[in-house]
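A closer look at the structure
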Amino acid sequence: MDKHLIALDLDGTLLKDNKTISERTYDVIQKAKQAGHIVVIATGRPYRASKMYYEQLELTTPIVNFNGAFVHHPKDDSWGMYHTPLQLETVKEIIDVSRKYNVRNILAEVMDDVYFHEHDEQLLDLFNLGDPNVYVGNLHDILRKDPTSILILSDEQNVARIRTYLSEVHANVIDHRSWTAPWHVIEIVRTGVHKAFGLEKVASFYGIPRERVIAFGDEDNDIEMLKWAGIGVAMGNAIEPLKAVADDVTKTNEEDGIAMYLQSLLKL
């Protein structure tokens, strides 16, 4: 069988709800690798928070982090590093306007450095995975590099208003999406940056055409990736807009949806 590139989102896709990889899914992914297929992780997480799964799967491939804003090869520095951050000037404009909406907090991530506008123990626990460098203070003063992404934590009723402002004022330089409950978070990256942006670089490196790219996902940050891939597969637990653009739907992340699909398609 021709070599395929298999792209795996993490949360809600590869990972069960308890943030582990099932034994069956692990075994099928190993069989896919042994059969010559290329397996990559494509996640919104930073590398520090996805490294443990990269190592558990014993991958030797590039990885797509921050929804495509950072793509690199953990095992090969010569492969290149593609970092596509936001412009600091734009970010500071967004920070100023966001305060008018009484946002709860604003976070900026510069690779593995995390900047909090306000101290928040709950958020510190959430973003402390991978032991990043953490800074707390007025982002106007402490943020001095172009950030990889920013996150605006808001009350639910203000999310739509903030996103309307972002679309009306900054649509030419940023892309944004909102997280699902319980976190009312708006995630912002540079325009044109998404998982497909990173996955295309990986596919090109291995010489694998789009029609032989299989991508799995469950949320709206997977839409571009599933639309770009030759075979875009939504998990059974995926949001309806993703299922609508997917080529196929498999079982849920709790039902070994990835393993079941790959076994059938690739005859593993």
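On a predicted model such as this, the values are computed, not experimentally measured, just so you know.

Reading the values: the criteria
- Residues numbered from 1 in each chain as written.
- Predicted model: local features only at pLDDT ≥ 70, side-chain atom pairs only at ≥ 80, totals over all residues.
- Heavy atoms only, no water.
- Core = buried A, V, L, I, M, F, W, Y, C linked by side-chain atoms within 4.5 Å.
- Buried < 20%, exposed > 50% of the residue type's maximum accessible area, 1.4 Å probe, protein only.
- Helix = DSSP H or I, 4+ residues; strand = E, 2+ residues; numbered from the N terminus.
- Contact = heavy atoms within 4.5 Å.
- Pairing = 2+ DSSP bridges.
- Axes fitted to C-alpha atoms, helices over the stretch in contact; angles between N-to-C directions.
- 1 Å grid on protein atoms, 1.4 Å probe; cavity = no way out; pocket = protein on both sides within 12 Å on 5 of 7 lines; lining within 4 Å.
- Points joined across faces, edges and corners; volume = space filled by probe spheres on them.
- Nonpolar A, V, L, I, M, F, W, Y, C, P; charged D, E, K, R; others polar.
- Domains from an automatic or database assignment.
- Buried area = accessible area lost by both parts, 1.4 Å probe.
- Salt bridge = Lys/Arg side-chain N within 4 Å of Asp/Glu carboxyl O.
- Parallel < 35°, antiparallel > 145°, perpendicular 65-115°, else oblique.
- Left-handed = near helix turned anticlockwise from the far one by under 90°.
- Expected span 1.5 Å × (residues − 1).
- Phe/Tyr/Trp six-rings, centres within 6.5 Å; stacked < 30°, edge-to-face > 60°.

**Regarding the nonpolar core**
I6, L8, L14, I214, F216 and L262 are the most contacted members of the largest nonpolar core, which has 27 residues in total. Taken together, the elements giving at least two residues each to this core come down to β1 (5-8), α1 (10-14), α2 (23-34), β2 (38-41), α3 (51-56), β12 (213-217), β13 (231-234) and α11 (257-266). Counting residues per element, this core draws most heavily on α11, at 5 residues. Excluding residues that lie within four positions of it along the chain, I6 makes contacts with A32, H37, I38, V39, V40, I214, F216, L262 and L266.

**Structural notes on the pairing of strand β7 (residues 113-116)**
Residue alternation in β7 divides its side chains into two sets, D113 and Y115 and V114 and F116, and both sets are buried. Two strands pair when backbone bridges link them, and strand β6 (residues 105-110) and β7 are joined in this way by 4 bridges, in the antiparallel orientation. Across the sheet, V110 pairs through a bridge with D113, a residue of β7.

**A word on the sheet that holds β2**
Read from one edge to the other, the open sheet built from 5 strands follows the order β2-β1-β12-β13-β14, with strand pairing classed as parallel. The sheet terminates laterally at β2 and β14 (248-249), the two strands that pair on one side only. In this fold α11 packs onto β1, β12, β13 and β14, with an angle of close to 160° to the strand it touches most, β12.

**So, the pairing of β6**
Buried residues dominate β6, accounting for 6 of its 6 residues. Summarising the sheet, β6 and strand β9 (residues 149-153) pair through 5 bridges and their orientation is antiparallel. Opposite A108, over in β9, you have I150 as the bridge partner.

**Re empty space enclosed by the protein**
One pass over the structure, following the stated rule, counts 1 cavity of 30 Å³ or more. If you add up the space inside the largest cavity, you get close to 30 Å³. If you go around the largest cavity, the residues you meet are T13, L14, T25, T252, N253, D256, G257 and I258. Listed by contribution, the elements that provide at least two residues to the lining of the largest cavity are α1 and α11. By residue class, the composition of the lining of the largest cavity is 2 nonpolar, 5 polar and 1 charged.

**Some details on the domain arrangement of the protein chain**
Under the domain assignment, the protein chain is made up of domain 1 (5-83 + 193-266) and domain 2 (88-190). For domain 1 versus domain 2, the distance between C-alpha centres works out to 25 Å. Listed by partner, the interface residues are 16 residues for domain 1 and 17 residues for domain 2. Buried surface at the junction of domain 1 and domain 2, both sides included, amounts to about 1400 Å², of which 52% is carbon and sulfur. For domain 1, the biggest contributors to the area lost against domain 2 are R48, F66 and V193; these three give 47% of the whole. At the junction of domain 1 with domain 2, the criterion picks out 4 salt bridges.

**Details of the packing of helix α4 (residues 88-99) against helix α7 (residues 156-170)**
Between α4 and α7, the least distance of the axes is 12 Å, while the angle of their chain directions is 140°. It follows that α4 is oblique to α7 by the angle criterion. Of the two possible hands of crossing, α4 and α7 adopt the one that is right-handed. Contacts between α4 and α7 pair T90, E93, I94 and V97 from the former with Y165, L166 and H170 from the latter.

**Here's the deal with α2**
Over its 12 residues, α2 runs 17 Å from end to end, which matches the ideal 16 Å to within 8%, given 1.5 Å per residue. The inward-facing, buried residues of α2 abut β1, α1, β2 and α11. The first or second residue beyond α2 is G36, which carries a positive phi of 100°.

**Regarding the environment of L107**
Structurally, L107 is set in strand β6. With relative accessibility at 2%, the residue L107 sits in the buried group. Each C-alpha atom of the pair L107 and I174 lies 16 Å from the other, and the pair is 67 residues apart in sequence.

**Side note on the packing of aromatic side chains**
The final tally for this structure, using the stated rule, is 6 aromatic pairs. Taking 6.4 Å as the distance between ring centres and 80° as the angle between the ring planes, the aromatic pair formed by Y47 and Y54 counts as edge-to-face. A relative accessible area of 16% means that Y47 is categorised as buried. Relative to Y261, the ring of F216 has its centre 5.8 Å away and its plane inclined at 85°; by these criteria the two rings are edge-to-face. With a gap of 45 residues between them, F216 in strand β12 and Y261 in helix α11 connect regions that are remote in the sequence. What makes Y261 buried here is its relative accessible area of 13%. Here the aromatic cluster, defined as three or more aromatic residues joined through ring pairs, consists of W79, Y82, F205 and Y206.

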